[in-house]
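Here are the chains, one letter per residue:
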Amino acid sequence: MGQPEKETIIAEMIRSAEEILQWAKAHPTCTLRELEERIQQWKTRMGTQLLEATVATQGTGRWAEGTCACGGQWVFEGYRGREVMTSQGVIRVKRAYFTCERCGQGFFPPGPTERDSGGLE
Ligand SMILES: [Zn+2]
């Protein structure tokens, strides 16, 4: 799954906001609670997409160099998608992935030692 383009995200924000306005207009007797729920869903969806896109602009960590706790060198293995739980929900990011030449431990620099979970930092 590729990262969404800037124009796509902005267009989707406008389109979905207009959709909420249209819905509200078509449902003049809806409750404040119903409107709140729709806005909350919109914020969550937009927040996730915008966070994914902004994280993507930060690069993939390919620059990282370092050594494993065991003393072995990190070897670049390629790029991997990974899911990260954030305050905006689960986002998918592409990160450079390294393994230790000695013990095989996997890393997503510059993060802490980890195999397949954890955050970006
Ligand atoms: Zn190691």
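Everything that follows concerns the structure shown earlier in this document.
Right, let's walk through the structure included here. Just so it is clear, the model here is predicted, and its values are computed rather than measured.

### Some words on the overall build of the chain
In step 1: Looking only at helices and strands, the chain features 2 helices and 3 strands.
In step 2: Put simply, the chain has 121 residues, and 10% of those count as buried.
In step 3: Here the analysis covers contacts within the chain between residues at least 6 apart in sequence; of these, 56% occur between residues at least 24 apart.

### Remarks on helix H2 (residues 32-57)
In step 1: Compared with the 38 Å implied by 1.5 Å per residue over 26 residues, the 37 Å span of H2 between its first and last C-alpha is a close match.
In step 2: Remark: Gly59 follows H2 within two positions and exhibits a positive phi of approximately 95 degrees.

### Things to note about the sheet that holds strand S1 (residues 74-86)
In step 1: Spatially, S1-S2-S3 is the arrangement adopted by the 3 strands of the open sheet, whose pairing is antiparallel. Edge strands, defined here as strands with exactly one partner in the open sheet, are S1 and strand S3 (106-107).
In step 2: Pairing between S1 and strand S2 (residues 89-100): 12 bridges, direction antiparallel. In the sheet register, Val84 faces S2, and the bridge partner there is Ile91.
In step 3: Most of the contacts of H2 go to S2, to which it runs at about 25 degrees, and overall it touches S1 and S2.

### Observations concerning the nonpolar core
The tendency in soluble globular proteins is for nonpolar side chains to be buried side by side.
In step 1: Core analysis: the biggest nonpolar cluster contains 8 residues, these being Cys68, Trp74, Ala96, Tyr97, Phe98, Cys100, Phe107 and Phe108.
In step 2: No other element matches the 4 residues that S2 contributes to this core.

Definitions and cut-offs
Residues numbered from 1 in each chain as written. Predicted model: local features only at pLDDT ≥ 70, side-chain atom pairs only at ≥ 80, totals over all residues. Helix = DSSP H or I, 4+ residues; strand = E, 2+ residues; numbered from the N terminus. Buried ≥ 20, exposed ≤ 12 C-beta atoms within 10 Å, placed from the backbone. Contact = placed C-beta atoms within 7 Å. Expected span 1.5 Å × (residues − 1). Pairing = 2+ DSSP bridges. Axes fitted to C-alpha atoms, helices over the stretch in contact; angles between N-to-C directions. Core = buried A, V, L, I, M, F, W, Y, C linked by C-beta atoms within 7 Å.

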